[in-house]
Amino acid sequence: VNCAPLTPRTVALKHGNLRIVAKAETLAATPADAAETANQALRQACDHSVAERWRECADAYRRALERSNIRPKDYEMRYYAVNGFAAVLKAQLRGQSNAADHAMLKAIGRGKHGDYPEVRMNAEYTRGLTRWDQNDRDGAARCYRRVLEIQAAVTDSDTQHEIVTGAGVPEAATVVQARHRREATFSLATLEQRAVRQTAADKAIAAAEHAAFKEHAATVAADARLRPDAKRAAEREIANLPGTAQRIRSTDADREVLARCRRVRGACCDACGTSGSVSCRLNMCTRCKRRWYCGSTCQKAAWPRHKLTCRAPGKFRVGDLAVARDPTSTNGIVVTITGPGPESETGPMWNVAARLPSGAPPLTLPAYPVASLDHLMDDGT
């Protein structure tokens, strides 16, 4: 399989999607009835995956998780189940996850069932990817930060065990936890538009994982039954790389707006720059959920400027900037809201105008539904 360079979106897919093909070989039964019923659900998930029934596959994985929620640390296939569930949601069902899927990931990620840290980290990271797919970049960043918070709270007792991963091979908990930490760190840095300095240990782990991935890809290519699915999955991943499926068609000035406005916040106070920490917990603006402050003093000081673009999700005013989201050639351009549009069955519509360079021919745009407009907070910060 020829693979494009890894991105925050494809890192998880490489570790998730191609592992799914080896699942049928590692279903070791346990004497507990709950574990056995969970194993039955895992077997069903494997059958559905071979037949490419992906919604049924995800539902079977979720049943396995539900049946092992009582004592998850005693179920040796727990990580295997959540990893398979996450892999299907991140690849074959990308953008099609439902409320039950999100509820399961949230409950596991928040520690409701008492899972090991690596299981919680996997669930939170997957939640971040699903939010990213929904253009909720700030929500994705919050999930990635929770992954790092879970890893920072790991104790020695949380590392003295091995787990069965999607490849069917036991791995040390510390290795899996480090993998999720690196993925979350890289994805969060991309959203915050900052560089990440990898340690020598991180580079060594990445090189080993890349070699293992190439070996596994060769095994998949040699399997006549699984190769078509693996090939289609790889093609989908490449098609979803930034700059391939969606190219920003806008002016240089608009690119500057995008670079300034689409950087997520939450690492430091947006007024004074104080970094968030255990002793300085940052508070999020409850209306727009896109600005963070270390206290009421900074929030009040920033309000005269912030109020110009502070909007609840899905709310707009005339003059606001937004990014158009639609399957035509205008996808990704920066537009200005000019007024309310006609009513529709899907909800409110807005008339927009394209921000074109001087001398360019006029561009007629249709009215856009709220769901097809991504609000930009162009307040100069």
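Everything below is about the structure shown above.
Computed from a prediction, not measured in an experiment: that's the story for all the values here. (Residues numbered from 1 in each chain as written. Predicted model: local features only at pLDDT ≥ 70, side-chain atom pairs only at ≥ 80, totals over all residues. Heavy atoms only, no water.)

The next subject is the packing of aromatic side chains. All told, the structure shown has 3 aromatic pairs when counted by the stated rule. Ring centres 6.2 Å apart and planes at 65° place the aromatic pair Phe 316 and Trp 350 in the edge-to-face group. Here the residue Phe 316 occupies a position in the loop between helix H12 (296-306) and strand E5 (321-324), and Trp 350 occupies one in strand E7 (residues 349-354), the gap between them amounting to 34 residues. The class for Phe 316 is buried, based on a relative accessible area of 9%. Here a set of aromatic residues connected by ring pairs shows up, and it is made of Tyr 125, Trp 132 and Tyr 144. (Phe/Tyr/Trp six-rings, centres within 6.5 Å; stacked < 30°, edge-to-face > 60°. Helix = DSSP H or I, 4+ residues; strand = E, 2+ residues; numbered from the N terminus. Buried < 20%, exposed > 50% of the residue type's maximum accessible area, 1.4 Å probe, protein only.)

The next point concerns the nonpolar core. Counting residues in each nonpolar core, the largest one holds 31 residues, and the members touching the most others are Leu 42, Tyr 61, Leu 65, Phe 85, Val 88 and Ile 108. Among the elements of the structure, helix H2 (33-50), helix H3 (54-67), helix H4 (78-90), helix H5 (99-109), helix H6 (117-133) and strand E1 (162-164) are those that each provide at least two residues to this core. Ignoring anything within four residues of it in the chain, the contact list for Leu 65 reads Arg 78, Ala 81, Val 82, Phe 85, Met 104 and Ile 108. Counting 13 residues, the second-largest nonpolar core is a separate cluster that includes Trp 132, Ala 140, Leu 188 and Leu 191. (Core = buried A, V, L, I, M, F, W, Y, C linked by side-chain atoms within 4.5 Å. Contact = heavy atoms within 4.5 Å.)

As a further point, take the pairing of strand E9 (residues 373-376). Here E9 shows no split at all, with Leu 373 and His 375 on one side and Asp 374 and Leu 376 on the other all buried. Pairing analysis gives 4 bridges linking E5 to E9, with the strands arranged antiparallel. Paired with Leu 321 across the bridge in E9 is Leu 376. (Pairing = 2+ DSSP bridges.)

To continue, consider the packing of H3 against H5. Relative orientation of the contacting elements H3 and H5 amounts to 35°, with a least axis distance of 11 Å. You can see that H3 and H5 cross each other, and the crossing is left-handed. Mapping the contact onto sequence places Arg 55, Arg 62, Leu 65 and Glu 66 in H3 and Ala 100, Asp 101, Met 104 and Ile 108 in H5. For the contact of H3 with H5, the per-class residue count stands at 4 nonpolar, no polar and 4 charged. (Axes fitted to C-alpha atoms, helices over the stretch in contact; angles between N-to-C directions. Left-handed = near helix turned anticlockwise from the far one by under 90°. Nonpolar A, V, L, I, M, F, W, Y, C, P; charged D, E, K, R; others polar.)

On to the sheet that holds E9, then. Read across the open sheet, the 5 strands follow the order E8-E7-E6-E5-E9; overall the sheet is antiparallel. A strand with exactly one partner marks an edge of an open sheet, and here the two such strands are strand E8 (368-369) and E9. Inspection of the sheet shows E7 paired to E8 by 2 bridges, in the antiparallel sense. Bridge pairing in E8 links Trp 350 to Tyr 368.

Take H2 next. Side chains three or four residues apart in an α-helix point the same way, a direct result of the helix having 3.6 residues per turn. Here H2 contains 18 residues, and its C-alpha end-to-end distance of 26 Å stays within 8% of the 26 Å for a straight helix at 1.5 Å per residue. Those residues of H2 that are buried lie in contact with H3 and H4. Looking one or two residues past H2, Glu 52 carries a phi angle of roughly 60°, positive in sign. (Expected span 1.5 Å × (residues − 1).)

Counted by the stated rule, this structure contains 0 disulfides. With no disulfide of its own, Cys 272 lies 3.7 Å from the sulfur of Cys 294, the closest cysteine sulfur. The class for Cys 272 is partly exposed, based on a relative accessible area of 44%. Cysteine Cys 294 is unpaired, with the sulfur of Cys 298 as its nearest cysteine sulfur at 3.6 Å. (Disulfide = S-S within 2.5 Å.)

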